[in-house]
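Examining the three-dimensional arrangement
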Amino acid sequence: MTTNKNLSANSTWTGMVSVDDTALAVTDTGGAGIPVVYLNGQFATQGYWRRVISELGTGFRHITYDERARGKKSKRSADYSFEAAVRDVDAVLAARGVHQAVLVGWSYGAVVGAHWAHRNPERSLGAILVDGAFPHDWLDEAMAQRIRKMFRRMNLFMPLLRPTGLTPRMNADQMADSNIELGELSRERELGPVLDAITVPVRYVVASGTSLGSRDDEQEKIRASLDGVVARNPHIQVAAKVASNHGAILKKDFRAIADAVREVAAPHRA
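Rules and cut-offs
Residues numbered from 1 in each chain as written. Predicted model: local features only at pLDDT ≥ 70, side-chain atom pairs only at ≥ 80, totals over all residues. Heavy atoms only, no water. Axes fitted to C-alpha atoms, helices over the stretch in contact; angles between N-to-C directions. Helix = DSSP H or I, 4+ residues; strand = E, 2+ residues; numbered from the N terminus. Parallel < 35°, antiparallel > 145°, perpendicular 65-115°, else oblique. Left-handed = near helix turned anticlockwise from the far one by under 90°. Contact = heavy atoms within 4.5 Å. Core = buried A, V, L, I, M, F, W, Y, C linked by side-chain atoms within 4.5 Å. Buried < 20%, exposed > 50% of the residue type's maximum accessible area, 1.4 Å probe, protein only. Pairing = 2+ DSSP bridges. Salt bridge = Lys/Arg side-chain N within 4 Å of Asp/Glu carboxyl O.

**Examining the packing of helix α2 (residues 82-95) against helix α3 (residues 108-119)**
A packed helix pair is summarised by two numbers, namely the angle formed by the two axes and the spacing between the axes. Relative orientation of the contacting elements α2 and α3 amounts to 65 degrees, with a least axis distance of 10 Å. One way to sum up the angle between α2 and α3 is to call them roughly perpendicular. Crossing of α2 against α3: the hand is right-handed. Note on element contacts: α3 touches α2 through Tyr108, Val111, Val112, His115, Trp116 and Arg119, opposite Phe82, Glu83, Ala85, Val86, Val89, Asp90 and Leu93.

Written out as structure tokens, the structure reads:
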């Protein structure tokens, strides 16, 4: 449900979309181009996509939104689960009257995009997964404890940044629980079958180096799990391996991401 009853696709729309017990801040550029829905990193905001959107230009219809308790406007919820994040994709597309779209997901959003594409092959025109959705068993009890300790430390200053929208309106336990659930869902036995069963075009844009909370070559070992996925599923390819790290990829390698979007969308634009 949307708080604005005007569902015109001819001009930029911003507003709140209701779902479950909350509401999400959504921006839809409108237009006749192929819809592209952007799925944020776990605690990121829709503003992270601005360079990709600018690079792609007005030939596409760009739909961005802030997940539950993220950004300045999206409301809190009693449910920050992964399944809630997948439901939110459906809610946003339904509110904007979009049946088919290209999905572009970064980090956590890449896993959301992979699951949504797998569950909705008739609605997904393809997916670009940006340095995420790697089937690897990176979570163990020691890692879970590291995650909880990290978020407890970060929670000492995060509340000061919440009015700016730069940090989520979630407490340390909620953020840690979300991150740990991601680790569980990323295990090879969980994510591998999802990726193997995807039947729409998927292009990965893969970063280099570390990410928040990783050490040494942990992240590159995780990324290496993609080799088996590509070998098993002909619909999945690596579009680019870029030099920037996980946190900088949307800023420094937005052109590689935009190129992958164009590749996936090309048959439908024709």
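**Observations regarding the nonpolar core**
The biggest cluster of nonpolar side chains holds 62 residues, and the ones touching the most others in it are Phe151 and Tyr204. Among the elements that make up this core, the one with the highest residue count is α2 (8 residues). Formed by 29 residues, the second largest nonpolar core is a distinct cluster that contains Val104, Val130, Ile249 and Phe254.

**Notes on the sheet that holds strand β8 (residues 236-241)**
With mixed pairing, the 8 strands of this open sheet are ordered in space as β1-β2-β4-β3-β5-β6-β7-β8. Whereas interior strands pair on both sides, the edge strands pair on one side only; in this sheet they are β1 (13-19) and β8. Across this sheet, the average inter-strand angle for adjacent strands is 25 degrees, counted without regard to direction. Bridging between strand β6 (residues 124-130) and strand β7 (residues 202-206) involves 4 bridges; their strand directions are parallel. Residue Leu129 lies in a different strand from β7, and its bridge partner there is Tyr204. Running over the sheet, α2 touches β1, β2 (22-28), β3 (34-39), β4 (60-65) and β5 (101-106) and is turned about 130 degrees from β4. Lying on the sheet, helix α11 (residues 254-269) is in contact with β3, β4, β5, β6, β7 and β8; it crosses β6 at an angle near 170 degrees.

**Details of the pairing of β1**
Most of β1 sits out of view: 5 of its 7 residues are buried. Bridging between β1 and β2 involves 7 bridges; their strand directions are antiparallel. Opposite Val19, over in β2, you have Thr22 as the bridge partner. Once β1 ends, the chain turns through 2 residues before running back antiparallel as β2, passing Asp20 with a positive phi of about 50 degrees.

**Describing the pattern of salt bridges**
Inspection of the entire model under this criterion finds 18 salt bridges. For Asp79, the salt bridge identified is with Arg87, shortest N-O distance 3.0 Å. With a shortest N-O distance of 2.6 Å, Arg223 and Glu220 are connected by a salt bridge. A residue pair is termed a helical-turn pair when its members lie 3 or 4 positions apart in one helix, as Arg223 and Glu220 do in helix α8 (residues 218-223) at 3 residues. The exposure class of Arg223 is buried, given its relative accessible area of 5%. The network of salt bridges with common partners includes Asp20, Asp21, Arg68, Asp79, Arg87 and Asp88.

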